Amino acid sequence: TRCIDACPTGALVAPGIIDARRCLAYLTIEQRGPLLEALRPMIGTQVFGCDICQEVCPWNRKPQAAYATSVPPQQATLDLTELLTITPEVFRTRFRKRPIWRATPEGIARNAAIVMGNRGDEIARPYLERAIEKTNSPLVREHARWALRKIIDNVK
C-alpha cells in the first residue's frame with residue numbers, strides 16, 4: 001500500500017482502485033479545461049504527469065536501479081516562464097513526437113501557472129501578470145490569476 005500512502009491527491013483510494021479524476025497524471029496531461037481550485041495546491045511542482053506511485057512501488061526497484069545510471073534527456077528541465085507563454089507553433093516544434101505533446105500548449109501553460117502559484121515565488125509575478133493581459137486563452141488567464149493571488153497572499 002506504499003502507493004496509496006504516497007499519492008499526493010488521494011487518487012489511489014484502495015488497493016486496485018483509482019479515482020482518475022484526482023490523479024496528477026490525468027489532471028496534468030489529459031484533463032482539458034480548468035482544474036478545480038481544491039486540487040491545484042496538490043499539483044505541487046508537477047508540470048507534466050506523476051510517477052510517485054511507480055517510484056515507491058517495491059515491484060519497480062530493479063527498473064529504477066537500471067534507470068538511475070542513465071543520463072536524463074536534454075529537455076528534462078522545463079522553463080515555467082517559457083511554458084506559460086508557449087505558442088502552438090513553438091510547442092509543436094519542441095515537443096512533437098514526445099509524450100508532453102498530449103498535454104496541449106494550453107494545458108501546459110495552465111499547469112505552468114499552477115506550479116508558479118504553488119511555488120509562491122515573487123519572480124513569477126510579472127510573467128503571470130503578462131499572461132493575464134496578453135494570452136488569448138481564458139483557461140490560462142484564470143489559472144494565472146489564481147497563481148498571482150497565491151503569490152500575493154504568500155507575501156502578506
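See the structure shown above.
Residues numbered from 1 in each chain as written. Predicted model: local features only at pLDDT ≥ 70, side-chain atom pairs only at ≥ 80, totals over all residues. Heavy atoms only, no water.

In terms of helices and strands, the protein carries 10 helices and two strands. In the protein, the succession of α and β elements from N to C terminus is α-β-β-α-α-α-α-α-α-α-α-α. Per-residue burial over the protein gives 34% buried out of 156 residues. Of the contacts formed within the protein by residues at least 6 apart in sequence, a portion of 58% connects residues at least 24 apart. Looking at the protein as shown, the accessible area adds up to about 9600 Å², and 55% of this sits on carbon and sulfur atoms. (Helix = DSSP H or I, 4+ residues; strand = E, 2+ residues; numbered from the N terminus. Buried < 20%, exposed > 50% of the residue type's maximum accessible area, 1.4 Å probe, protein only. Contact = heavy atoms within 4.5 Å. Areas by Shrake-Rupley, 256 points an atom, 1.4 Å probe, with all protein chains shown as cover.)

What is expected of a backbone is that most residues other than glycine have negative phi and most peptide bonds are trans. Even without being glycine, lysine 97 reaches a positive phi, approximately 70°. With respect to the secondary-structure elements, lysine 97 resides in the loop between helix H7 (88-95) and helix H8 (105-119). Positioned with a positive phi, threonine 104 is a non-glycine residue whose angle comes to about 70°.

Attention shifts here to the environment of arginine 32. With respect to the helices and strands, arginine 32 occurs in the loop between helix H2 (24-30) and helix H3 (40-43). Taking the C-alpha atoms as reference points, arginine 32 and alanine 103, 71 residues apart in sequence, are found 8.5 Å from one another. Leave out the neighbours within four places in its chain, and arginine 32 touches Arg102, Ala103, Thr104 and Arg110. Looking at arginine 32, its side chain comes within polar contact range of the main-chain oxygen of arginine 102, at 2.8 Å. (Polar contact = N/O pair within 3.5 Å; in protein donor to acceptor, adjacent residues only side chain to side chain.)

Moving on: the pattern of salt bridges. In the structure shown here, the tally under the stated rule is seven salt bridges. A salt bridge links arginine 40 to glutamate 142; the nearest nitrogen and oxygen atoms lie 2.8 Å apart. Within this pair, whereas arginine 40 is found in helix H3, its partner glutamate 142 is found in helix H10 (residues 138-155), the two being separated by 102 residues in sequence. The class for arginine 40 is buried, based on a relative accessible area of 1%. On the basis of relative accessibility, which here comes to 32%, the residue glutamate 142 falls in the partly exposed class. Its salt-bridge partner being glutamate 129, residue arginine 125 comes within 3.5 Å of it at the nearest N-O pair. Of this pair, arginine 125 and glutamate 129 both sit in helix H9 (residues 125-134), four residues apart, which is roughly one turn of the helix. (Salt bridge = Lys/Arg side-chain N within 4 Å of Asp/Glu carboxyl O.)

Next up on the list: the layout of surface pockets. To find leftover empty space, a probe the size of one water molecule is rolled over the atoms. Estimates place the volume of the second largest pocket at around 210 Å³. As for the second largest pocket, its lining consists of 14 residues, of which Leu84, Thr85, Ile86, Thr87 and Thr135 are closest to the centre. Those elements that provide at least two residues to the lining of the second largest pocket are H8 and H9. (1 Å grid on protein atoms, 1.4 Å probe; cavity = no way out; pocket = protein on both sides within 12 Å on 5 of 7 lines; lining within 4 Å. Points joined across faces, edges and corners; volume = space filled by probe spheres on them.)

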